Amino acid sequence: MRPQHVEDGDHEHHSNDNKNNNSSFSTSAYHMERVFPVYAMGIPNPLHSSAFHNNHLDISLHTIWDHIREEARFEAEREPILSSFLYASILSHDCLEQALAFVLANRLQNPTLLATHLMDIFCNLIMHDESIQRSIRLDLKAFKDRDPSCLSYCSTLLNTKGYHSLQVYRVAHALWGEGRKVLALALQSRVSEVFGIDIHPAAKIGDEILLDHGTRVVIGETAIVGNRVSLMQGVTLGETGKEGGDRHPKVAEGVLVGASAIILGNIRIGEGVKIVAGSLVLKDVPPHR
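Note that the structure is a prediction, hence the values are computed from the model and not measured. (Residues numbered from 1 in each chain as written. Predicted model: local features only at pLDDT ≥ 70, side-chain atom pairs only at ≥ 80, totals over all residues. Heavy atoms only, no water.)

Caption draft 1: Summary view of the packing of aromatic side chains. For the structure shown, the criterion picks out 1 aromatic pair. Residue placement shows K144 over the ring face of Y153; its charged tip is 5.8 Å from the ring centre. (Phe/Tyr/Trp six-rings, centres within 6.5 Å; stacked < 30°, edge-to-face > 60°. Lys NZ or Arg CZ within 6 Å of the ring centre and 35° of its normal.)

What follows is the structure in structure tokens.
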């Protein structure tokens, strides 16, 4: 079954685009920006060199923690009832890594999985892994830039379960790579219980990921998700049940997957593809469709 997709009736626009080398990408980006003007920001702009983009990004990432603290101070003054919560969660910490570990530990704790133990697990990994440190900032930017309901970096850090689930996955993925698979699976199970999001720790997920709402998102063990991907609620990257080994989808960068879309099997979703809500995808999809 072919995935549904949005058609553009402007044939003149297509013929003009075909005159340049970037016609396929330009047309796809044009479709996305008309239908999903905010979520389409996940598509990389071919007019920007990667060097310029990365340099600009690094400057922004460097200042995110300062922005979060400023936002927390402002909210504490505006809502005094939240001042203790904001102090404990953000203002009492020296860096984003510590604050995130505190927030995650308190969201996931239960009577047998104590917040202090969880905080130690998260801090020990995040504070010593530069790739995770970069990813937690890139994901924050993705939510702030591409989620229309996002109020601030601060609100995402404190309240957004899609963001929280992603960061616990990143810790669990690192644990899985170290051979600590039982602990990694315990974190996966706890996230599924608390947030209703199930990401296998062996899956490979890039940066600047947006899990909008996140509820009922399932990402299987051998799935690969590229950079700047947006997944709406209810998305499944699963298996058909007819194969073993490498059996889950490979999603390239800049892809948007609509709510409750189901993608099954070891298939490839090309760069810049948009899959609309409710689609069932069982075959490869070429880039920029």
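Caption draft 2: Looking closely at the sheet that holds strand 13 (residues 280-281). Pairing is parallel across the open sheet formed by 5 strands, whose spatial order is 1-4-7-10-13. At either margin of the open sheet sits one strand with a lone partner, and together these are strand 1 (198-199) and strand 13. As judged from the 2 bridges shared by strand 1 and strand 4 (residues 218-219), these two strands associate in the parallel manner. Residue pairing in the sheet places D198 in a bridge with V218 of strand 4. (Pairing = 2+ DSSP bridges. Helix = DSSP H or I, 4+ residues; strand = E, 2+ residues; numbered from the N terminus.)

Caption draft 3: Representation of the environment of D129 in the model. With respect to the helices and strands, the residue D129 is situated in the loop between helix 6 (115-126) and helix 7 (130-146). With 45 residues separating them along the chain, D129 and A174 place their C-alpha atoms 8.9 Å apart.

Caption draft 4: Examining the environment of G265 more closely. In this fold, G265 is placed in the loop between strand 10 (262-264) and strand 11 (268-269). When its relative accessible area of 2% is taken as the criterion, G265 is described as buried. Spatially, the C-alpha atoms of G265 and K283 are 8.2 Å apart, while their sequence positions differ by 18 residues. Look past the residues within four positions of G265 in its chain and what remains in contact with it is G238, E239, T240, E243, R247, H248 and P249. (Buried < 20%, exposed > 50% of the residue type's maximum accessible area, 1.4 Å probe, protein only. Contact = heavy atoms within 4.5 Å.)

Caption draft 5: Spatial organisation of the pattern of salt bridges. In total, this model carries 11 salt bridges according to the counting rule given. R247 is the partner of E221 in a salt bridge, and the nearest nitrogen-oxygen pair spans 2.8 Å. With E221 in the loop between strand 4 and strand 5 (224-225) and R247 in the loop between strand 7 (236-238) and strand 8 (250-251), this pair connects stretches of sequence that are 26 residues apart. Judged by relative accessible area, which is 16%, R247 ranks as buried. Overlapping salt bridges, with partners in common, bring together E208, R228 and E253 in one network. (Salt bridge = Lys/Arg side-chain N within 4 Å of Asp/Glu carboxyl O.)

Caption draft 6: Region of the structure containing the packing of helix 5 (residues 96-108) against helix 7. The contact between helix 5 and helix 7 brings their axes to 11 Å, and the two run at 75°. Here helix 5 is positioned roughly perpendicular relative to helix 7, judged by the angle of their axes. Across the interface between the two elements, L96, E97 and L100 of helix 5 pack against Q133, I136, R137 and L140 of helix 7. In terms of residue class, the contact of helix 5 with helix 7 is made up of 4 nonpolar, 1 polar and 2 charged. (Axes fitted to C-alpha atoms, helices over the stretch in contact; angles between N-to-C directions. Parallel < 35°, antiparallel > 145°, perpendicular 65-115°, else oblique. Nonpolar A, V, L, I, M, F, W, Y, C, P; charged D, E, K, R; others polar.)

Caption draft 7: Fine view of the sheet that holds strand 2 (residues 204-205). Read across the open sheet, the 4 strands follow the order 2-5-8-11; overall the sheet is parallel. At either margin of the open sheet sits one strand with a lone partner, and together these are strand 2 and strand 11. In this structure, strand 8 lies alongside strand 11, joined through 2 bridges in parallel fashion. Residue pairing across strands places V251 opposite I269, the latter belonging to strand 11.

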